[in-house]
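# A closer look at the structure
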Amino acid sequence: MTIRLATRFAPSPNGHLHPGHAFSALTAWDWACAHDARFILRIEDTDRTRSRREFETSQIEDLRWLGLDWEEPVRRQSDHLPDYERGLDRLRDLGLVYPCFCTRKDISASALAPHGPDGVIYPGTCRGLPKDVRDTKQAEGMAFALRLDVARAVEVAERLSGNRLTFTEEGAGPDGETGRLPVDPRPMGDAVLARKDGVIAYHLAVVMDDAAQGITHVIRGQDLFFATPLHRVLQVLLDLPEPRYRHHGLILDETGERMAKRRGSKSLADLRAEGKTPDDIRRMVGLA
Ligand code: GLU
């Protein structure tokens, strides 16, 4: 049986879409059209404090206006929370998850906590807490996040796969061909898998959904390149298939900054209201 290729666009509904999102969505869409692949839209709304239904509606409207079409029903992560809990249980059974009681302030106050692409790198304060200390803190009702012991996770993943881990990145070879890159998420520190408020982290949800939806090619922005080694480790630990990756460049505004609402750059809805057409947007992001 041949597996049909599939890619996706996976916005978080916490704001309006901007030309940078359009570039990402259109890059994946054009690839799907060129490869007769499935195209999937996924709403990444595990963070209920930031996600809003009206943003989801406006994002969907913008994507339709751009000419995209996707399989229905659209998967909304908030409808699948028990699935992610099962993933978390499996990681827990492997002994790779620990409760972290640190506050943001504790972490940023640590001299050992440099900044990484995912925020402050956690110095591992709670990793080695003795069981009785953990139990007492939990019994006292102290809030805790769940973190992955990333060094052990790499060890176990390598044991399970019988190999040094790598991931496949299109364009990473010496002549721009597809290449395999080494996987080492340890410099990122012990990633949060579930926040103190119970929100499942993007890293866990994304690998489980890519597998559940049969995604063979993950096409997304360069800003998420740093996360791919962690995603690969989670795929091995959760026994999920390995997709290929392509991290595309980011669309910057005139000042060289990423386009984002907080910088006052125009959203797709603004541009549409000004009379711009989908072809204008394509030209704007260099895809015409
Ligand atoms: N939801 C993520 C975002 O909006 C994208 C996730 C992904 O493509 O892996 O940045």
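An account of the accompanying structure is given in this report. Because the structure is a prediction, the values reported are computed rather than measured.

### Brief notes about the overall build of the protein chain
A count of helices and strands for the protein chain gives 10 helices and 12 strands. The C-alpha atoms of the protein chain give a radius of gyration of 20 Å, which matches the 19 Å a tight globule of 288 residues would have. Over its C-alpha atoms, taken along the principal directions, the protein chain stretches across nearly 65 × 45 × 35 Å. By residue count, 46% of the 288 residues in the protein chain fall in the buried class. Taking the contacts inside the protein chain whose residues are at least 6 apart along the sequence as the reference set, 76% of them involve residues at least 24 apart. Computed over 41 positive and 44 negative side-chain charges, the inter-centroid distance for the protein chain is 3 Å.

### Some details on unusual backbone geometry
With omega at -5°, the peptide bond leading from E72 into P73 counts as cis. The phi torsion at D36 lies on the positive side, around 50°, for a residue other than glycine. Positionally, D36 belongs in the loop between α1 (19-34) and β2 (38-43). A residue is classified by how much of its surface remains accessible, and D36, at 57% relative accessible area, is exposed. Located in the positive-phi region is D239, a residue other than glycine, with phi close to 60°.

### Observations regarding the sheet that holds strand β4 (residues 97-100)
Pairing is antiparallel in the open sheet, where three strands are placed in the order β4-β7-β10. Either end of the sheet is taken by a strand with one partner, and the two such strands are β4 and β10 (192-194). Looking at each pair of strands side by side, their axes are set apart by 45° on average, direction ignored. Pairing of strand β7 (residues 145-148) with β10 involves two bridges; the strand directions are antiparallel. Within the sheet, the bridge partner assigned to R147 lies in β10 and is V192.

### Observations concerning the side chain of S24
In this fold, S24 is placed in helix α1. In this structure, S24 is in contact with F9, R220, G221 and H248, ignoring residues within four places of it in sequence.

### Here's the deal with helix α6 (residues 150-161)
Under the 1.5 Å per step criterion, the end-to-end length of α6 is 16 Å for 12 residues, consistent within 8% with the ideal 16 Å. Within the sequence span of α6, burial applies to V150, A153, V154, V156 and A157. Check the buried side of α6 and you find it contacts β7 and α8 (228-237). Directly beyond the C-terminal end of α6, a positive phi value near 70° is found at G162.

### Concerning the pattern of salt bridges
This model, assessed by the stated rule, comprises 30 salt bridges. Ionic pairing is found between D47 and R195, a salt bridge with its closest N-O pair at 3.0 Å. Placement of the pair is D47 in the loop between β2 and α2 (53-66) and R195 in the loop between β10 and α7 (202-212), with a sequence separation of 148 residues. You can call D47 buried: its relative accessible area is 15%. Put simply, K131 and D135 hold a salt bridge, and the shortest N to O gap is 2.7 Å. Of this pair, K131 and D135 both sit in helix α5 (residues 131-139), four residues apart, which is roughly one turn of the helix. Taking the relative accessible area as the measure of exposure, K131 reaches 61% and is therefore exposed. Put simply, R8, R42, E44, R75, D83, R86, D209 and D210 are held in one network by salt bridges that share partners.

### Section: the side chain of R147
Within the fold, R147 resides in strand β7. No salt bridge is formed by the buried R147. Its closest oppositely charged neighbour is D190, at 6.6 Å. Within the local environment of R147, its side chain forms a polar contact with the backbone oxygen of D190, the two atoms lying 2.7 Å apart. When sequence neighbours within four positions are dropped, the list of residues in contact with R147 reads L96, V97, Y98, C100, I107, Y122, D190, A191, V192 and L193.

### Here's the deal with the nonpolar core
The biggest cluster of nonpolar side chains holds 38 residues, and the ones touching the most others in it are L88, L91, L148, I200, L204, V233 and L237. Elements with a contribution of two residues or more to this core: α3 (81-93), β7, α6, β10, α7 and α8. Not counting residues up to four positions away in its chain, the partners in contact with L237 are R90, L91, L94, L96, A153, V156, A157 and L160. In terms of nonpolar packing, the next biggest core, distinct from the first, is built from 21 residues, L17, L41, W70 and I219 among them.

About the thresholds
Residues numbered from 1 in each chain as written. Predicted model: local features only at pLDDT ≥ 70, side-chain atom pairs only at ≥ 80, totals over all residues. Heavy atoms only, no water. Helix = DSSP H or I, 4+ residues; strand = E, 2+ residues; numbered from the N terminus. Rg over C-alpha atoms; globule rule 2.2 N^0.38 Å. Buried < 20%, exposed > 50% of the residue type's maximum accessible area, 1.4 Å probe, protein only. Contact = heavy atoms within 4.5 Å. Lys, Arg positive; Asp, Glu negative; His and termini not counted. Charge placed at Lys NZ, Arg CZ, Asp CG, Glu CD. Pairing = 2+ DSSP bridges. Axes fitted to C-alpha atoms, helices over the stretch in contact; angles between N-to-C directions. Expected span 1.5 Å × (residues − 1). Salt bridge = Lys/Arg side-chain N within 4 Å of Asp/Glu carboxyl O. Polar contact = N/O pair within 3.5 Å; in protein donor to acceptor, adjacent residues only side chain to side chain. Core = buried A, V, L, I, M, F, W, Y, C linked by side-chain atoms within 4.5 Å.

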